[in-house]
Amino acid sequence: MRIAKSPGSARNYCAKAKPPVVLVPTMGALHEGHAALVRRARKLAGARGSVVVSVFVNPIQFGPKEDFSKYPRSWGDDLRICRACGADLVFRPSVEGMYRADNSVFVEEGSLSRYLCGASRPGHFRGVCTVVAKLFMIVRPDIAIFGEKDWQQLAIIRRMVRDLDFTVRIIGHPTIREPDGLAMSSRNNYLTPDERAVAPGIYAALRMAISAKRAGDILSAGRRMIEEIPGARIDYLELVDAETIEPARSFSRPMRLAVAVFLGKARLIDNIAVPPRP
Ligand code: AMP
């Protein structure tokens, strides 16, 4: 497994890499959720293709009051996980390597980003789209894999690829959960033992809520159950069209129930499929 620390060296490696080149973008602090994506990448690349994992805590997707400087970093463990899951290259650029001091070009998606995390984290998806577009230009992957845990991000990346004519194929990977249902996340590291004990209540609430028949009932049931979790504060709980991320108006299209919850120092997100109803 090789390590590239600059866009130039990653570009050189990837230009000679055997296709298909499969990219897994991450911010590091890797866990079993990321590992599943890298293993999936290895399968898709086959024995001859190339798996590239990027590890970059992207400052421009964090708001001024968010956790950029405190975001967990575990480079040694990250390397071990990448190696164990079959990565060929780990691309770990510096902030200065990715952004010049006078960087002035950004990629902004203007529709799906208006909702959910885009509404509560202004500029977040502009940072995500910009860094992912840069990674696509550096690595030139045939395939890139993103997790469904970040459902809105996945939808926005698909839209960016469509609208900017990137040729990469985007694959979404199902959310990997702890045995008690909590979606794996680097930010789970922020939870105290007491918060960690109640955090699975978020996914439990989503699962229960979607059994309700009417959209209004789904939301009120979900809200009630999440508000019962000690210390939890809802940032948003919304039923959205799975593709456009707009508030669901029709029950006859695939939907997603999406939530963001503040719990102690962590802001946790999760989502669940709501199948179309006749
Ligand atoms: P992050 O390091 O949080 O930016 O995540 C990097 C990639 O891993 C993104 O595509 C995430 O959606 C994905 N990911 C993070 N956690 C999970 C999880 N629990 N299950 C599946 N994918 C995940």
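Structure first, text after, so check above.
Described in the following lines is the structure provided in the data block.

Reading the values: rules and limits
Residues numbered from 1 in each chain as written. Predicted model: local features only at pLDDT ≥ 70, side-chain atom pairs only at ≥ 80, totals over all residues. Heavy atoms only, no water. Helix = DSSP H or I, 4+ residues; strand = E, 2+ residues; numbered from the N terminus. Rg over C-alpha atoms; globule rule 2.2 N^0.38 Å. Buried < 20%, exposed > 50% of the residue type's maximum accessible area, 1.4 Å probe, protein only. Contact = heavy atoms within 4.5 Å. Areas by Shrake-Rupley, 256 points an atom, 1.4 Å probe, with all protein chains shown as cover. Lys, Arg positive; Asp, Glu negative; His and termini not counted. Charge placed at Lys NZ, Arg CZ, Asp CG, Glu CD. Pairing = 2+ DSSP bridges. Axes fitted to C-alpha atoms, helices over the stretch in contact; angles between N-to-C directions. Near = heavy atom within 4 Å. Polar contact = N/O pair within 3.5 Å; in protein donor to acceptor, adjacent residues only side chain to side chain. Nonpolar A, V, L, I, M, F, W, Y, C, P; charged D, E, K, R; others polar. Parallel < 35°, antiparallel > 145°, perpendicular 65-115°, else oblique. Expected span 1.5 Å × (residues − 1). Arc of directions from axis to C-beta. Phe/Tyr/Trp six-rings, centres within 6.5 Å; stacked < 30°, edge-to-face > 60°.

## Some details on the overall build of the chain
- Secondary structure assignment for the chain yields 10 helices and nine strands.
- A globule of 278 residues ought to have a C-alpha radius of gyration of about 19 Å, and the chain, at 19 Å, matches this closely.
- Taken over 278 residues, the chain has a buried fraction of 53%.
- Considering only contacts in the chain between residues 6 or more positions apart, those separated by 24 or more positions represent 70%.
- If you sum the accessible surface of the chain, you get close to 13500 Å²; carbon and sulfur atoms cover 52% of it.
- Taken together, the 42 basic and 28 acidic charged side chains of the chain have centroids lying 5 Å from each other.

## Considerations on the environment of Val95
- Assignment of secondary structure puts Val95 in helix H4 (residues 95-98).
- Overall, Val95 belongs to the partly exposed group, its relative accessible area being 29%.
- Residues Val95 and Val57 lie 38 residues apart in sequence; the distance between their C-alpha atoms is 8.2 Å.
- Those residues in contact with Val95 that lie beyond four places of it in its chain are Phe56, Pro59 and Phe68.

## Digging into the sheet that holds strand S3 (residues 50-55)
- Taken together, six strands build an open sheet; the order of strands is S1-S4-S3-S2-S5-S6 and the sheet is parallel. The open sheet has two edge strands, strand S1 (2-4) and strand S6 (169-173), and neither has a second partner. The mean angle between the axes of side-by-side strands here comes to 25°, regardless of whether they run parallel or antiparallel.
- Where S1 meets strand S4 (residues 89-91), three bridges bridge the pair, whose relative direction is parallel. Looking at S4, one finds that Ala4 is bridged to Phe91.

## Observations concerning the pairing of strand S5 (residues 143-147)
- In terms of burial, S5 is a largely internal element, five of the five residues being buried.
- Alignment of strand S2 (residues 21-26) against S5, held across two bridges, turns out to be parallel. Bridging from a neighbouring strand, Leu23 pairs with Ala144 of S5.
- Note: S5 against S6, five bridges, orientation parallel.

## Here's the deal with the environment of Leu30
- Structurally, the position occupied by Leu30 is in the loop between S2 and helix H2 (32-45).
- Taking the C-alpha atoms as reference points, Leu30 and Ile81, 51 residues apart in sequence, are found 7.3 Å from one another.
- Dropping the residues within four chain positions of it, Leu30 is found in contact with Ser74, Asp78, Ile81 and Cys82.

## Brief notes about the site of the ligand
- The immediate surroundings of the ligand are formed by 17 residues, with His34, Gly147, Asp150, Ile176 and Met184 found nearest.
- Interatomic distance of 2.6 Å between a side-chain N/O atom of Asp150 and an oxygen atom of the ligand.
- Backbone polar atom of Met184 to a nitrogen atom of the ligand: 2.9 Å apart, as the coordinates give it.
- Burial of the ligand by the protein chains amounts to 93% of its free accessible area of 480 Å².
- Of all elements in the fold, only S2, H2 and S5 reach the threshold of two or more residues within the shell around the ligand.
- With three residues, the top contributor of residues to the shell around the ligand is H2.
- Per-class residue counts for the shell around the ligand are eight nonpolar, seven polar and two charged.

## Some words on the packing of helix H1 (residues 7-16) against helix H6 (residues 124-139)
- Their axes nearest at 8 Å, the elements H1 and H6 cross at an angle of 50°. In terms of axis orientation, H1 runs oblique to H6. Note on element contacts: H6 touches H1 through Met137, Ile138 and Val139, opposite Pro7, Ala10, Arg11 and Cys14.
- Taken together, the residues of the contact of H1 with H6 sort by class into six nonpolar, no polar and one charged.

## So, helix H10 (residues 215-227)
- Taking 1.5 Å as the rise per residue, H10 with 13 residues should run 18 Å; its terminal C-alpha atoms sit 18 Å apart, in good agreement.
- Among all positions in H10, only Ile218, Ala221, Gly222 and Ile226 are buried. The buried residues of H10 occupy one face: seen down the axis, they fall within an arc of 125°.
- Next to the buried residues of H10 lie helix H9 (201-209), strand S7 (232-241), strand S8 (255-263) and strand S9 (266-274).

## A look at the packing of aromatic side chains
- What the rule picks out here adds up to four aromatic pairs.
- Measuring from centroid to centroid gives 5.5 Å for Phe62 and Phe68, while their planes differ by 65°, and the two rings are edge-to-face.
- Phe68 gets classed as partly exposed once you look at its relative accessible area, which sits at 26%.
- Between the aromatic rings of Phe136 and Phe166, the centroid separation amounts to 5.4 Å while the plane-to-plane angle is 75°, which identifies the pairing as edge-to-face. Within this pair, whereas Phe136 is found in helix H6, its partner Phe166 is found in the loop between helix H7 (151-163) and S6, the two being separated by 30 residues in sequence. Of the two residues examined, Phe136 and Phe166, each falls in the buried class.
- Chaining the aromatic ring pairs together yields one cluster made of Phe62, Phe68 and Tyr71.

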